[in-house]
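# Per-entry structural report
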Amino acid sequence: MQWETVIGLEVHVQLATHSKIFSGASTAFGAEPNSQACAVDLGLPGVLPVLNEQAVAMAVQFGLAVHADIPEVSVFDRKNYFYPDLPKGYQTSQMYHPIVGPGEVEITLDDDTTKQIRIHHAHLEEDAGKSLHEDFHGMTGIDLNRAGTPLLEIVSEPDMRSAKEAAAYLKAIHSIVTYLGISDGNMAEGSMRCDVNVSVRPKGQEAFGTRAEIKNVNSFRFVEKAIAFEVERQIELIEDGGKVIQETRLFDPERDETRSMRTKEEANDYRYFPCPDLLPVVLDQAYLDHLRSQLPELPAEKRERFQQALGLSAYDASVLSASRDMAEYFEEVHHVCGDVKQAANWVQGELSGALNRESLSIADSPVSAVQLGELVQRVLDDTINGKAAKQVFQALWHGEGASADAIIEAKGLKQVTDTGAIETMIDQVIADSPAQVAQYRDAEPEKRGKMIGYFVGQVMKASRGTANPQQVNGLLKDKLDALL
Amino acid sequence: MHDKTLTELAQALDSGELSSRELTDHYLQRIEQADASLNSFITVTAEQARAQADAADQARANGNAGWLTGLPLALKDIFCTQGVKTSCGSRMLDNFTAPYDATVVEKFKAAGTVSLGKTNMDEFAMGSSNENSYYGPVKNPWDLSAVPGGSSGGSAAAVAAGLTPAALGTDTGGSIRQPAAFCGITGLKPTYGRVSRYGMIAYASSLDQAGPMARSASDCAHLLNVMAGHDVRDSTSVARGVPDYAETLNAPLSGLKIGLPKEYFGDGLDPEVEKAIREAVSVYESLGATVRDVSLPHTHYAIPAYYVIAPAEASSNLSRFDGVRFGHRCENPSDLIDLYKRSRAEGFGEEVQRRILIGTHTLSEGFFDAYYTKAQKVRRLIRQDFLDAFEDVDVLMGPASPTPAFDLGAKKDPVSMYLQDIYTIAVNLAGIPGISVPAGFVGRRPVGLQILGTHFAEAQLLNVAHQFQQATDWHLQRPATAEESV
């Protein structure tokens, strides 16, 4: 039987507000346990929440970026359950009237085709604290620094049909939230986590199969692996005559498998009801217009512009717009050097290679966009040749000079284009290579083209790499042919 | 000196006839003498009170005294007070010292008042008799065999017995007005949102409201002047200007239109209470008011709606008392579930557990719409009843409670206790203000006249109550019982 996979994602994005969603405590990562939890975060008797307006603005910006309906009124609800790292015994969330309504995200697949994934809604909620089970000798330590950190939970429709599509969707969300600057998108620190809903159905069948929810997957790679495992598990189960049960599962990245956490029967009844301590959030048109006017150019628009206005290929446009940092870097290199093709090649080639080797993000690149742009400029104006340019790049990378020009100067890499100087070097090489000259002269005319390489190499060596290779090639051919 | 109103005491302080320290020492002494029989205080903060009194006298000497500077007050033990035990009448918080002051506590500190201590109350403000306190029942100073009402029973009894000139209470379904009525004092529940709830331990967040309890409407006006106003820490407090409530106390009542809701004079109303209320209304007629009958047709749904909404909110509000971070924690829990179960079973009393169970049930999947959603619809109808009535009349009047104070231990069945609040509970559901003023006696036990106004009509209610107190002396009566024990 042919099977079809159906995937929906719930992505939790930690918003980059300075303070928590309902209190003034800091949200900075990595502080001493419980040093960033105030009376409100601790859920002390008598305290009340006050909504952080920045969190609202960020959620709305996301909604606008995915062309979502933004309802005039949204409401916070309480999700009630007991857990030691949930200080109030309820999580303040939005169940019935979320801040962001239905929207749409475009994803780009490996073959450059695009697909629209519908967003069901996105809602604001507070994060819980952390339970630490190690180092407490049979007890559990509670760190409430994270309690009250604002999260935007983005819930997709079940529109994805493969692990690759799910990963592309997650990347698209990542790129939108980082473009907007509403999250640092740091998955390792938990700024983006997702729950994956997976089911399978016979191809052509309309009704969905029973789904399993895989909780807390925190990397693009794990999303693909978790789905791949889960799809295989479900298909095998059904083909062996079994039934998929609705349950929550956990992905184990050590073994690349998912394991059952709890079934639907064991699920909590969260007893949602509107939080009486918070007023409904009412957003007027002027507020939405203001936020819309503040939106930066988004990845899809940028990709479009890179193709249409700059003439980049779909692939290049997609790579160079993948993150706001990447796009801004590329645009700066382009701005400084003035050549789209060269700028694109250098950013995707030499620079990305070096960043990957050292696992650095482009924001941490030791070579600035201006430095790279100036370097490319020197290639374009023939000050240096391509080989020397790579040397200059390495020197910039290792901080051996402040600019391409300074390094070219210091290392004497300036390209020799003076015909007289090159001719002198050629004459010397010809004079020093009588045997090779004789071979050249005696060779079949069609084989001479290859043989010229030896002479070019010698001249370049004599110039310490600074001679213009095209010039050397032309002049050599003329001189050698004159000897025939 | 303990027979005087705040207004009289403020004058005495101002003229130098009395110092705050003398006044404070006097009340502390009275508490020491009389409270063994009344049990109106959970905590007496004598040392802090004397220090605050000395500071107030110093401020006055320096010319920095406001109207309330140096006047003693008592706080219901539901308000968080920094460094002072804040128990909410519960074993759960018997070991809890609040690390911060509630907004209203902060405001009174800033106004220079002296806090005598924390008053007894029904556990987590759940009750109408003050018999649900971990610290034992409070007795009614007019008759020690009677309850003082609840949940602000300690505050009401302490004011009535002259152990403090005034106190703060909270009112979720009648918890200021009913004990004020039972103890023969004046108690105001302001409009929901008029006074900050920050630092007031939540029972039912959409209904809770703090208010003043004192000997006269005039005293309440001065206290409300301090309490009222927007608080950035409470999103449900209303950003609306605060008038000077004392300024309009003497406005004449001629032309005042009074409505008598027929539902407040029906079955279950004690005939002697009714007689006292009708006589009070006739006093208003003599002051130039006109009276007509009105109807609040959804009144009989108020108690059922309240006992869905309030327990639902309470079940969630009280989840934080889990034995993990503060409050009572059971001995040697075997695991997490055991820790939760025993800490909560040991820490909460019977009525609190009952309401948590009711609320948990009504919010459960499959029941939510039938109970909670329906109750919210009823709540809107009840609110509309009042708004419709206020189209025709300025204020509504009726009894604060169907009976005078009942005997301690008389109401064993929870539902008969819930029915006590039949005239007060709808007011919280509608969010409007209400005041109870002394209006006579049945035997030795006081009767309270309840006056209701539309949203933010506190100035009018205080004016209407004050004019009654200018024409009558019910509020000046003093219980003999309390004096015998001093």
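As the structure is a computational prediction, the values presented were derived from the model and not from experiment. (Residues numbered from 1 in each chain as written. Chains lettered and ligands numbered in written order. Predicted model: local features only at pLDDT ≥ 70, side-chain atom pairs only at ≥ 80, totals over all residues. Heavy atoms only, no water.)

This paragraph deals with the pairing of strand E4 (residues 90-93) of chain A. All names here are of chain A. Residues of E4 alternate between two faces, with Tyr90 and Thr92 on one and Gln91 and Ser93 on the opposite face, all of them buried. Pairing of strand E3 (residues 77-80) with E4 involves 4 bridges; the strand directions are antiparallel. Within E4, the position partnered with Lys79 by the bridge is Gln91. (Buried < 20%, exposed > 50% of the residue type's maximum accessible area, 1.4 Å probe, protein only. Helix = DSSP H or I, 4+ residues; strand = E, 2+ residues; numbered from the N terminus. Pairing = 2+ DSSP bridges.)

For A:Leu360, the location among the structural elements is in the loop between helix H9 (340-357) and helix H10 (369-380). Those residues within four positions of A:Leu360 in sequence are excluded, and the remaining contacts are A:Leu355, A:Pro366 and A:Trp397. (Contact = heavy atoms within 4.5 Å.)

Attention shifts here to the sheet that holds strand E6 (residues 114-126) of chain A. Residue and element names in this part refer to chain A. Spatially, the 8 strands line up as an open sheet ordered E5-E6-E9-E1-E10-E11-E12-E13, and their pairing is mixed. Two strands lie at the open edges of the sheet, namely strand E5 (103-108) and strand E13 (257-263), each paired on one side alone. For this sheet, the mean inter-axis angle between neighbouring strands, taken without regard to orientation, is 30°. Bridge count for strand E12 (residues 247-252) against E13 is 6 bridges, and the pairing is antiparallel. Among the inter-strand pairings, Arg249 is bridged to a residue of E13, identified as Ser260. (Axes fitted to C-alpha atoms, helices over the stretch in contact; angles between N-to-C directions.)

Attention now moves to the pairing of strand E8 (residues 290-294) of chain B. Residues and elements named next belong to chain B. Examined bridge by bridge, strand E7 (residues 257-261) and E8 share 5 bridges and lie parallel to one another. Following the sheet pairing, Leu260 is matched in E8 by Asp293. Regarding the hand of the β-α-β motif, the stretch spanning E7, helix H8 (residues 271-286) and E8 is right-handed. (Right-handed = clockwise from strand over helix to strand, strands pointing away.)

Turning our eyes to something else, we now look at helix H3 (residues 46-61) of chain B. Residue and element names in this part refer to chain B. For H3, spanning 16 residues, the distance from its first C-alpha to its last is 22 Å, which sits close to the expected 22 Å at 1.5 Å a residue. Those residues of H3 that sit buried are Ala49, Gln52, Ala53, Ala56, Asp57, Ala59 and Arg60. Down the axis of H3, the sector holding all buried residues measures 160°, keeping them to one side. Opposite its buried face, H3 presents the exposed residues Glu47 and Ala61, each directed more than 90 degrees away. (Expected span 1.5 Å × (residues − 1). Arc of directions from axis to C-beta.)

The peptide bond linking B:Gly150 to B:Ser151 adopts the cis configuration, its omega dihedral lying at 5°. Of note, B:Ser151 is situated in the loop between strand E3 (114-119) and helix H5 (153-160). The phi torsion at A:Asp382 lies on the positive side, around 65°, for a residue other than glycine. By the element assignment, A:Asp382 lies in the loop between H10 and helix H11 (386-397). The class for A:Asp382 is partly exposed, based on a relative accessible area of 44%. Positive phi is not limited to glycine here, since B:Ala125 has a value of about 65°. Position of B:Ala125 relative to the elements: it lies in the loop between E3 and H5. Assessed through its relative accessible area of 4%, B:Ala125 is described here as buried.

Here we take up the packing of helix H15 (residues 445-462) of chain A against helix H16 (residues 469-482) of chain A. Describing two packed helices takes the angle between their axes plus the distance from one axis to the other. Residue and element names in this part refer to chain A. The N-to-C vectors of H15 and H16 enclose an angle of 125°; their axes lie 10 Å apart at closest approach. By the angle class used here, H15 and H16 are oblique. In this structure, the crossing between H15 and H16 has a hand that is right-handed. In contact with Ile452, Phe455, Val456, Val459 and Met460 of H15, H16 contributes Pro469, Val472, Asn473, Leu476, Lys477 and Leu480. Here the contact of H15 with H16 is composed, by residue class, of 9 nonpolar, 1 polar and 1 charged. (Parallel < 35°, antiparallel > 145°, perpendicular 65-115°, else oblique. Left-handed = near helix turned anticlockwise from the far one by under 90°. Nonpolar A, V, L, I, M, F, W, Y, C, P; charged D, E, K, R; others polar.)

Residue and element names in this part refer to chain B. One finds Phe124, Tyr284, Phe386, Met397, Ile451 and Leu462 to be the most contacted residues of the largest nonpolar core, which totals 142 residues. In terms of residue count, the dominant contributor to this core is helix H9 (residues 302-317) (9 residues). Those residues in contact with Leu462 that sit more than four places away from it in its chain are Leu188, Ala217, Cys220, Ala221, Leu224, Tyr245, Leu249 and Ile435. (Core = buried A, V, L, I, M, F, W, Y, C linked by side-chain atoms within 4.5 Å.)

Looking now at the interface of chain A and chain B. Each side of the interface is counted separately: chain A has 30 residues, and chain B has 39 residues. Counting across the interface, chain A meets chain B through 1 salt bridge. Where A:Asp277 meets B:Arg197, a salt bridge forms, and the shortest distance between an N and an O atom there is 3.0 Å. Linking chain A with chain B are 17 residue pairs in polar contact (both at pLDDT 80 or more). (Salt bridge = Lys/Arg side-chain N within 4 Å of Asp/Glu carboxyl O. Polar contact = N/O pair within 3.5 Å; in protein donor to acceptor, adjacent residues only side chain to side chain.)

Our next topic: the domain arrangement of chain A. All names here are of chain A. Per the domain assignment, the segments of chain A are domain 1 (10-185 + 259-289), domain 2 (297-411) and domain 3 (419-482). Taking only C-alpha atoms, the centre of domain 1 and the centre of domain 2 are 36 Å apart. Contacts between domain 1 and domain 2 engage 10 residues on the former and 13 residues on the latter. Across the interface of domain 1 and domain 2, roughly 890 Å² is buried in total on both sides, 56% from carbon and sulfur atoms. Three residues stand out in domain 1 for area buried against domain 2, namely Thr108, Asp112 and Tyr179, and they jointly supply 63% of the buried area on that side. Between domain 1 and domain 2 we count 1 salt bridge in total. One salt bridge in this structure joins Arg303 and Glu106, with 2.8 Å as the shortest N-O distance. Scanning the region where domain 1 abuts domain 2 turns up 5 residue pairs in polar contact (both at pLDDT 80 or more). (Domains from an automatic or database assignment. Buried area = accessible area lost by both parts, 1.4 Å probe.)

Another point: the sheet that holds strand E9 (residues 395-399) of chain B. Residue and element names in this part refer to chain B. Strand order in the open sheet made by the 11 strands is E1-E3-E2-E4-E6-E5-E10-E11-E9-E7-E8, with mixed pairing throughout. The outermost strands of the open sheet, each flanked by one partner alone, are strand E1 (41-44) and E8. In this sheet, neighbouring strand axes are inclined to one another by 30° on average, regardless of whether the strands run parallel or antiparallel. Strand direction decides the pairing type here: strand E2 (residues 72-76) and strand E4 (residues 166-171), joined by 2 bridges, are parallel.

All names here are of chain A. By the definition in use, this model includes 57 salt bridges over all chains. The partner of Arg146 in a salt bridge is Asp127, and the shortest N-O contact between them spans 3.3 Å. One end of the pair, Arg146, is in the loop between strand E8 (141-143) and strand E9 (150-156); the other, Asp127, is in the loop between E6 and strand E7 (130-132), with 19 residues separating them in the sequence. With a relative accessible area of 27%, Arg146 lands in the partly exposed category.

Summed over the entire model, instances satisfying the criterion amount to 28 aromatic pairs over all chains. With 5.2 Å between their ring centres and 35° between their planes, B:Tyr264 and B:Tyr423 make a pair best called tilted. With a gap of 159 residues between them, B:Tyr264 in the loop between E7 and H8 and B:Tyr423 in the loop between helix H13 (414-418) and helix H14 (425-430) connect regions that are remote in the sequence. The pair B:Tyr264 / B:Tyr423 is uniform in exposure class, with both members buried. One aromatic cluster is present, built from ring pairs that chain together B:Phe96, B:Phe124, B:Phe321, B:Phe326 and B:Phe348. One cation-aromatic arrangement involves A:Lys171 over A:Phe220; the distance from NZ or CZ to the ring centre is 5.7 Å. It is A:Arg448 that lies over the ring of A:Tyr440; its NZ or CZ is 5.9 Å from the centre. (Phe/Tyr/Trp six-rings, centres within 6.5 Å; stacked < 30°, edge-to-face > 60°. Lys NZ or Arg CZ within 6 Å of the ring centre and 35° of its normal.)

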